[in-house]
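Structural overview
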Amino acid sequence: MIDSPAFRYVVLGFLLVAVATPLMLLKLWRVGPPEMKARPRVSTIDFVQAWSLKRNAREAEGRADYPNALAAWRAAAANNPADLVALRGSLSSILRSPRPAEAATTAMNVAGWLLRMGQTNLADVELVAETLNRCELHDTTAVLLSRLTNVASPKLNRHQAAALFRSGRVGQFVDLLKSDPALDAVVQGSLEAPAPSASLSPADAELRLVALAYLAGWNAKLEKDRTAEEKERMARALEALQAAAQDPATETVAHELEMMVYVQRRDEEGCAASFRKLRDAGRASVRHLAMYVTLLLLEHKMDEAKALVDEVNPVPRTDSDVFRLVALLAALDRLAEADKLCQQYFNDPPWIEEGALIRADLLIEMGKKPEKFPTTWDELRRMAYRIRNHPSTRESLRGFSLYLEGLAEWKQGYRDNAVRAFSQAVAPANPDDKNSTTDLFPDNRLALRVADGLLKLKLAEYAEPLLLRRRELARNDPGFLTMLVQCADKLKQGDYLWDAVTNLYALAPNDPMVVNNYAATLLLFRRKPQEAIVHTLRLIQVRELSSRPEVVLNHVIALTMNNRLDEADELMLKVRPEDLNDDDMRAQYYLALFELRLLQGRLGEARAIFEVIRTTYLSRLFSVQTEWLESKMPLLDASRTPASTP
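Residues numbered from 1 in each chain as written. Predicted model: local features only at pLDDT ≥ 70, side-chain atom pairs only at ≥ 80, totals over all residues. Heavy atoms only, no water.

A closer look at the overall build of the protein chain
Heads up, the rule is: Secondary structure elements follow DSSP: runs of H or I no shorter than four residues count as helices, runs of E no shorter than two count as strands, and numbering proceeds from the N terminus. With a 1.4 Å probe rolled over the protein chains alone, any residue whose accessible area is under 20% of its type maximum counts as buried; one over 50% counts as exposed, and the rest are partly exposed. In what follows, residue pairs with any heavy atoms lying within 4.5 Å of each other are defined as contacts. With residues, only the protein chains shown are counted as cover, and all accessible areas are computed by Shrake-Rupley using a 1.4 Å probe.
Summing up its helical and strand segments, the protein chain has 34 helices and two strands in all. Within the span of the protein chain, comprising 646 residues, buried residues form 49% of the whole. Here the analysis covers contacts within the protein chain between residues at least 6 apart in sequence; of these, 56% occur between residues at least 24 apart. When the accessible surface of the protein chain is summed, it comes to about 32,900 Å², and 53% of that surface belongs to carbon and sulfur atoms.

Focus on helix α29 (residues 549-561)
Three- or four-residue spacings in an α-helix give side chains the same orientation, since the helix completes a turn every 3.6 residues. Going by this rule: Given the number of residues in a helix, its expected span is that number minus one, multiplied by 1.5 Å.
Between its first and last C-alpha, α29 extends 18 Å over 13 residues, near the 18 Å set by a 1.5 Å rise per residue. Of the positions making up α29, those classed as buried are Glu550, Val551, Val552, Leu553, Asn554, His555, Val556, Ile557, Ala558, Leu559, Thr560 and Met561. Check the buried side of α29 and you find it contacts α27 (512-524), α28 (529-540), α30 (565-572) and α31 (583-600). With its phi angle positive at about 65 degrees, Asn563 sits one or two positions after the end of α29.

Focus: the nonpolar core
For clarity, the cut-off: Nonpolar cores were defined as sets of buried Ala, Val, Leu, Ile, Met, Phe, Trp, Tyr and Cys residues, with membership established by side-chain atoms within 4.5 Å.
Counting residues in each nonpolar core, the largest one holds 166 residues, and the members touching the most others are Phe165, Phe173, Leu257, Phe400, Phe422, Leu454 and Phe594. The element that contributes the greatest number of residues to this core is α31, accounting for 10 residues. With residues near it in sequence (within four places) discarded, Leu257 still touches Phe165, Arg166, Leu209, Val210, Ala213 and Leu241. By size, the runner-up hydrophobic cluster in this structure holds 36 residues, among which are Leu70, Ala72, Ala103 and Cys135.

Concerning the packing of aromatic side chains
Applied cut-off: Two aromatic rings from Phe, Tyr or Trp, using only the six-membered ring of Trp, form a pair when their centres are within 6.5 Å; if the ring planes differ by under 30 degrees the pair is stacked, by over 60 it is edge-to-face, and anything between is tilted.
A complete count under the given rule lists 14 aromatic pairs for this structure. Aromatic side chains Trp498 and Phe525 sit 5.7 Å apart centroid to centroid with 80 degrees between the ring planes, which places their arrangement in the edge-to-face category. Of the two residues, Trp498 is situated in helix α26 (residues 494-507) and Phe525 in the loop between α27 and α28; the sequence distance between them amounts to 27 residues. Here the two residues Trp498 and Phe525 agree in accessibility, since each one is buried. Ring geometry for Tyr590 versus Tyr617: centroids 5.5 Å apart, planes at 25 degrees, classification stacked.

Quick word on the packing of helix α14 (residues 268-280) against helix α15 (residues 286-298)
To keep things clear, this is the line we draw: Only the stretch in contact is used when fitting a helix axis, every axis being a line fitted to C-alpha atoms; angles between N-to-C directions are given from 0 to 180 degrees. Just so you know how the angles are binned, under 35 degrees is roughly parallel, over 145 roughly antiparallel, 65 to 115 roughly perpendicular, and the rest oblique. When the near helix sits turned anticlockwise from the far one by under a right angle, the crossing is termed left-handed; a clockwise turn instead gives a right-handed crossing. Following the grouping adopted for this structure description, the nonpolar residues are Ala, Val, Leu, Ile, Met, Phe, Trp, Tyr, Cys and Pro, the charged ones are Asp, Glu, Lys and Arg, and the polar ones are all others, Gly among them.
Relative to each other, α14 and α15 sit at 160 degrees, their axes nearing to 10 Å. Of the possible angle classes, the one that applies to α14 and α15 is roughly antiparallel. α14 and α15 meet at a crossing whose hand is left-handed. Taken together, the residues of α15 that come into contact with α14 (itself represented by Glu268, Cys271, Ala272, Phe275 and Leu278) are His288, Leu289, Tyr292, Leu295 and Leu296. Grouping the constituent residues of the contact of α14 with α15 by class yields eight nonpolar, one polar and one charged.

Examining the pattern of salt bridges
Put simply, the rule reads: Think of a salt bridge as a Lys or Arg side-chain nitrogen and an Asp or Glu carboxyl oxygen that are within 4 Å of each other.
Within the structure shown, the criterion is met by 47 salt bridges. Between Asp439 and Arg469 there is a salt bridge, with its nearest N and O atoms 3.0 Å apart. A residue pair is termed long-range when its members are at least 10 positions apart, and Asp439 in the loop between α22 (415-426) and α23 (444-456) and Arg469 in the loop between α24 (460-468) and α25 (478-491) qualify at 30 residues. In this structure Asp439 comes out as buried when scored by relative accessible area, which is 11%. Residue class for Arg469 comes out buried when judged on its relative accessible area of 19%. Glu531 is the salt-bridge partner of Lys528, the closest N and O atoms lying 4.0 Å from each other. Judged by its relative accessible area of 49%, Lys528 falls in the partly exposed class. Look at Glu531 and you get partly exposed, because its relative accessible area is 26%. It is possible to trace a salt-bridge network through shared partners that takes in Asp489, Lys492, Asp583, Asp584, Arg586 and Arg620.

Observations concerning the packing of α26 against α27
Interhelical geometry of α26 versus α27 gives an angle of 145 degrees and a closest axis separation of 9 Å. In terms of crossing hand, the pair formed by α26 and α27 is left-handed. Facing Leu497, Trp498, Val501, Thr502, Leu504 and Tyr505 of α26, the residues of α27 in contact are Val514, Val515, Asn517, Tyr518, Thr521, Leu522 and Leu524. For the contact of α26 with α27, a count of residues per class yields 10 nonpolar, three polar and no charged.

Below, the structure is given as structure tokens:
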């Protein structure tokens, strides 16, 4: 029997099976990018099953059975997490399904994993952006593309434009149009109806509606200053948007964008009509309710807004609706209900990052009412710890979690602990490199949000590094420049104050407080006193500003520098140091009075004022001001020496 060939074949086959079975079943093969820290392991049978499932997915797509196709693609990706074909197939099936929004959670999971596995190549980013937009996740698309600054294409810019506008980031939408002339041409040409034979893709159709809404509702000029041609153009855009609302394929999006236009125009009647149409068609969602409530709140109709929410009794259909509902309840001062929703929905990926940001805002708001929510700051601290320990937020929100921890400690009076947490939050990514331009905030918008929070706590020294690392990125952002000016003023840093103030003035030359800051900066650096007095004179003639101490003081200094001493002396009587609300302003008062008395030749009084500044307010001055003061010391010393007699 041993010599039988059949027996030998059986034994050989048995040995082969014994050896092959472990090789087939054991997860021996690492997959994923080489630089990935924890690369998944798969077995040979996983590869085989993934291949078979992908074939099933393609067959289901051929039958237009997209739910089963998506299930097969997802199963294939579960067998081989690094299979880019399966991941892309999942997103493609979602895109081609009749109701993509129902797969929003799946889209978020797959999109994040695809970008991690595919290393954010352009084609994958375009696919992800289009899928997220189709799933009504425009906020997520906008945040994602703001982080991926190393990829760009005309197609991607179109997806980003739709995401920015529909998520309410109209300012960033306008900036994108300025940077992409081709996209701007598409937007401006959207009034021309597409040819009857033309078949727009869903993404192009959405962009056209977004462009019409922008043209219908957003114009930099006031109503009274618009030309007849501009008014006609806006009316035509609104008519085209209303026509699109009659098409079942674009009805919901068109009505939603109509509502955005009506909110922008403060047209409550039009907004209510659009909302009714959506409700009658069974298409009204939390998103639409939130827009209507926003307009009611802008019109100070809180009771009507609350009654509307009670009447509609909104039920979130998708996870993204939960975000809007939380924000809506918070705006209506229903903080406990909003927090209950947060705890119910925002504890698991893929929403944990967005949920953490929303709940942080909510807890901070609740913390302002300690009588109703006494344990808020303890909960915020626990939330910060959870963020740092969760694998999906450990890197992206580490800096933010440290800020939240510091805020909780600060509000409870543990200042040393708070300072320690704030210091870690704003430290460079590489602590050994103090000149590092990177930190623990990959999202610049989140970094600026934290900087704003630190400035409100009067902790400008911690906000400063976050702002300075982003000077070039946010040079044209008025909100950023305003924070930079505040920071420079608090820390008396003239080295970046000039650039910040002049850039802000170039962006908002008609804002009274911007003009006042610009004039003050001209006077601080003793540049262009003739231009400064033009600005201060214009401001002091405005009734609402004429009694504000900072405006009066600036005009006094401008008059003094232009040698109009009698006018400056008379105006100085309107300001009393005891009425000024902080030491910084009192320091500017005494400095202005010192220069006035010095030029008037009243050196005894000037010397007394100099001593007040030197002993009490010297640290409140910029270095350029202290240097100017020091330059006047010889004149004061000389006035002490009695004149010699011949």
